[in-house]
Amino acid sequence: TEGAGGDETADAPLLRSELDTAMGGDAPLDAERARVLLLLAALLRQPAELSTAQENEAFQIVDSDGGGTIQLEEVLALVKLARWPLDRQEAERVIAEVDLDHDGTVDAVEFPALLRALRRAAL
């Protein structure tokens, strides 16, 4: 992750304001959460696939309510964080594509496929 933070400084002001609503709800982000989200944004924008450890960490970050699954709104926040040009309808389609148990959410097992599908859809 050290190399992934290279564009963190340039993106910080814009991402901090976007992330206040995208990932932090109505409450402002604390400095540590903002730092973690900035690193995640840099990782998501790199061309290489994430490692299993990075995927697991990203899942824990994106699962903002800690429920063990990612809802559509959390996927949309992830899309915004990564600055992928996908709308709500496309995000719904990608979720349906990777949702193996058809419960309308993405769990930790389905999350790596979600990341790959979102990247493909964004290209």
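Look up: the structure comes first, before these words.
Residues numbered from 1 in each chain as written. Predicted model: local features only at pLDDT ≥ 70, side-chain atom pairs only at ≥ 80, totals over all residues. Heavy atoms only, no water.

Caption draft 1: The arrangement of helix H3 (residues 52-62) in detail. Among the residues making up H3, those that are buried are Gln-54, Glu-55, Ala-58, Phe-59, Ile-61 and Val-62. Axial view of H3: buried residues confined to an arc of 160°, hence all on one face. Residues Thr-52, Ala-53 and Gln-60 are exposed on H3 and point more than 90 degrees away from its buried face. For H3, the secondary structure elements touched by its buried residues are helix H2 (31-45), strand S1 (69-70), helix H4 (72-82), strand S2 (106-107) and helix H6 (111-122). (Buried < 20%, exposed > 50% of the residue type's maximum accessible area, 1.4 Å probe, protein only. Helix = DSSP H or I, 4+ residues; strand = E, 2+ residues; numbered from the N terminus. Arc of directions from axis to C-beta. Contact = heavy atoms within 4.5 Å.)

Caption draft 2: Broad picture of H4. Across the eleven residues that make up H4, a large majority, nine, are buried. Of the residues trailing H4, Arg-83 is marked for its positive phi of about 60°.

Caption draft 3: Focus on empty space enclosed by the protein. Tallied over the entire structure, the rule returns one cavity of 30 Å³ or more. Its boundaries defined by the atoms lining it, the largest cavity holds a volume of some 30 Å³. Residue lining of the largest cavity: Glu-49, Leu-50, Glu-55, Leu-115 and Arg-119, and that is the complete set. (1 Å grid on protein atoms, 1.4 Å probe; cavity = no way out; pocket = protein on both sides within 12 Å on 5 of 7 lines; lining within 4 Å. Points joined across faces, edges and corners; volume = space filled by probe spheres on them.)

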